[in-house]
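As a plain string of letters, each chain reads:
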Amino acid sequence: MNRVWLEKLIRESLHEDVGYGDLTTESLVTEKEQGRAILIAKEKGVIAGLPVAEEVFRQLDPDVTFTLLIQEGDEVKPGTRLAQVHGTVRGLLTGERLALNFLQRLSGIATITQQVVQQLEGLDCQVLDTRKTTPGLRFLEKYAVKVGGGTNHRFGLSHGVLIKDNHVAIAGGIREAVYQVRRKLGDRVQVEVEADTLEQVREALEQDVDAILLDNMDPETLCKAVSLIGDQVWTEASGGITPETARKVAESGVKGISLGWLTHSTPALDISLDMMTKEEAS
């Protein structure tokens, strides 16, 4: 995880949430008062984002102690204690919501990713993420996919060529699009082409491409496309795939399935932060 990037993100996020001060906490708690809190999972899932939560509290209190009670990526059950945080009460209460927002969001993504990966057990097919991420949080959301056992696909537009339907329309066809890309970039990058029909699959196979994205195909067409391609190039399926349909799509023989669902529709995992009483903390 890129620490410099993370520190900047947390700093900006705290500024958004805290603004000129936590009016409630600062009215009730002295600046030096110390306390302890416990992060607790309220439902079953895979935990991702503990280093992010720690950074939230550390920026509010440089002397905070963040003690892990599980490891990042562990699968937990309801009631599992994730970490104990010891520091100023102001830091704990002010950072609570932001730390939980990150931890719940990333753990939700990791949990669903693991479920899809488990569904594909026994198949030679990767679970891929997409660029359908929350603006500004792509690094963390793709990190959570990896924690859940998925594979990171293109991080951004500069990390490979993917010629989609709109590119094909602008270029005047798959052949023309691939030609223009190769003329500009040569063999420096891999080129993947999106195909919606078997006709487009045949056209793509006649070009210098490394992979074909089979988009929004019904199961019968998808199987025909995979059979037509064989081992000539790498294959990926996409388009409305959910955890419920992932296994059936993967059984077509594609080498990867990409699910925007992992990062744009995954529910947050329920996690809480509970302050310990002085008796419990002692």
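Residues numbered from 1 in each chain as written. Predicted model: local features only at pLDDT ≥ 70, side-chain atom pairs only at ≥ 80, totals over all residues. Heavy atoms only, no water.

Draft legend 1. Representation of the overall build of the protein within the structure. Broken down by element type, the protein carries 12 helices and 12 strands. Principal-axis analysis of the C-alpha atoms places the extent of the protein at approximately 70 × 40 × 25 Å. Excluding contacts between residues fewer than 6 apart, the proportion of contacts in the protein whose partners are at least 24 apart in sequence is 69%. For the protein, the accessible area works out to roughly 14700 Å², and carbon and sulfur atoms hold 49% of it. Of the charged side chains in the protein, 31 are positive and 43 negative; the average position of the first set lies 2 Å away from that of the second. (Helix = DSSP H or I, 4+ residues; strand = E, 2+ residues; numbered from the N terminus. Contact = heavy atoms within 4.5 Å. Areas by Shrake-Rupley, 256 points an atom, 1.4 Å probe, with all protein chains shown as cover. Lys, Arg positive; Asp, Glu negative; His and termini not counted. Charge placed at Lys NZ, Arg CZ, Asp CG, Glu CD.)

Draft legend 2. Local environment of the sheet that holds strand β5 (residues 81–88). Strand order across the open sheet formed by 4 strands is β3-β5-β1-β12, with antiparallel pairing between neighbours. Whereas interior strands pair on both sides, the edge strands pair on one side only; in this sheet they are β3 (65–68) and β12 (271–275). Between one strand and the next, the sheet's axes are offset by a mean angle of 20°, whatever the strand orientation. Direction of pairing for β3 relative to β5: antiparallel, over a ladder of 4 bridges. Of the residues in β5, the one forming a bridge with Thr67 is Gln84. Packed on one face of the sheet, helix α3 (residues 50–60) meets β3, β5 and β12 and runs near 165° to β3. Its contacts with the sheet put helix α4 (residues 89–119) on β1 (34–41), β5 and β12, and the angle it makes with β12 is roughly 165°. (Pairing = 2+ DSSP bridges. Axes fitted to C-alpha atoms, helices over the stretch in contact; angles between N-to-C directions.)

Draft legend 3. Spatial organisation of unusual backbone geometry. Even without being glycine, Asn216 reaches a positive phi, approximately 55°. Following the sequence through the fold, Asn216 ends up in the loop between β9 (211–215) and α9 (219–229).

Draft legend 4. Expanded view of the packing of aromatic side chains. What the rule picks out here adds up to 1 aromatic pair. With a centroid separation of 5.0 Å and 45° between ring planes, the pair formed by Trp5 and Phe139 is classed as tilted. With Trp5 in helix α1 (residues 3–18) and Phe139 in helix α5 (residues 138–147), the pair connects residues that are 134 residues apart, well separated along the chain. With relative accessibility at 27%, the residue Phe139 sits in the partly exposed group. (Phe/Tyr/Trp six-rings, centres within 6.5 Å; stacked < 30°, edge-to-face > 60°. Buried < 20%, exposed > 50% of the residue type's maximum accessible area, 1.4 Å probe, protein only.)

Draft legend 5. The domain arrangement of the protein, seen in detail. By the assigned domains, the protein splits into domain 1 (3–115 + 267–276) and domain 2 (117–265). One C-alpha centre belongs to domain 1, the other to domain 2, and the line joining them spans 35 Å. Each side of the interface is counted separately: domain 1 has 21 residues, and domain 2 has 22 residues. With both sides pooled, the region where domain 1 packs onto domain 2 buries about 1600 Å², and carbon together with sulfur makes up 67% of that total. Inspection of the region where domain 1 meets domain 2 yields 1 salt bridge. Taken together, domain 1 and domain 2 are joined by 9 residue pairs in polar contact (both at pLDDT 80 or more). Put simply, the parts of the chain that give the side of domain 1 that touches domain 2 at least two residues each are α1, α3 and α4. Of all the elements, α4 adds the most residues to the side of domain 1 that touches domain 2, at 9 residues. When grouped by side-chain class, the residues that make up the side of domain 1 that touches domain 2 number 14 nonpolar, 5 polar and 2 charged. (Domains from an automatic or database assignment. Buried area = accessible area lost by both parts, 1.4 Å probe. Salt bridge = Lys/Arg side-chain N within 4 Å of Asp/Glu carboxyl O. Polar contact = N/O pair within 3.5 Å; in protein donor to acceptor, adjacent residues only side chain to side chain. Nonpolar A, V, L, I, M, F, W, Y, C, P; charged D, E, K, R; others polar.)

Draft legend 6. Seen up close, the sheet that holds β9. Read across the sheet, 6 strands follow the order β6-β11-β10-β9-β8-β7 without closing on themselves; strand pairing throughout is parallel. Two strands close off the open sheet at either side, each with one partner strand: β6 (126–128) and β7 (161–163). With direction set aside, neighbouring strand axes in the sheet form an average angle of 25°. Relative to strand β11 (residues 256–258), strand β10 (residues 234–238) runs parallel, the two sharing 2 bridges. Each bridged residue has a counterpart across the sheet, and for Ala237 the counterpart in β11 is Ile257. In the packing of α9 onto the sheet, contacts are made with β9 and β10, and the angle to β9 comes to roughly 170°.

Draft legend 7. Up close: the state of the cysteines. Under the counting rule described, the total for this entry stands at 0 disulfides. Of the cysteine sulfurs around Cys125, a residue in no disulfide, the closest is that of Cys223, at 12 Å. Owing to a relative accessible area of 12%, Cys125 belongs among the buried residues under this scheme. (Disulfide = S-S within 2.5 Å.)

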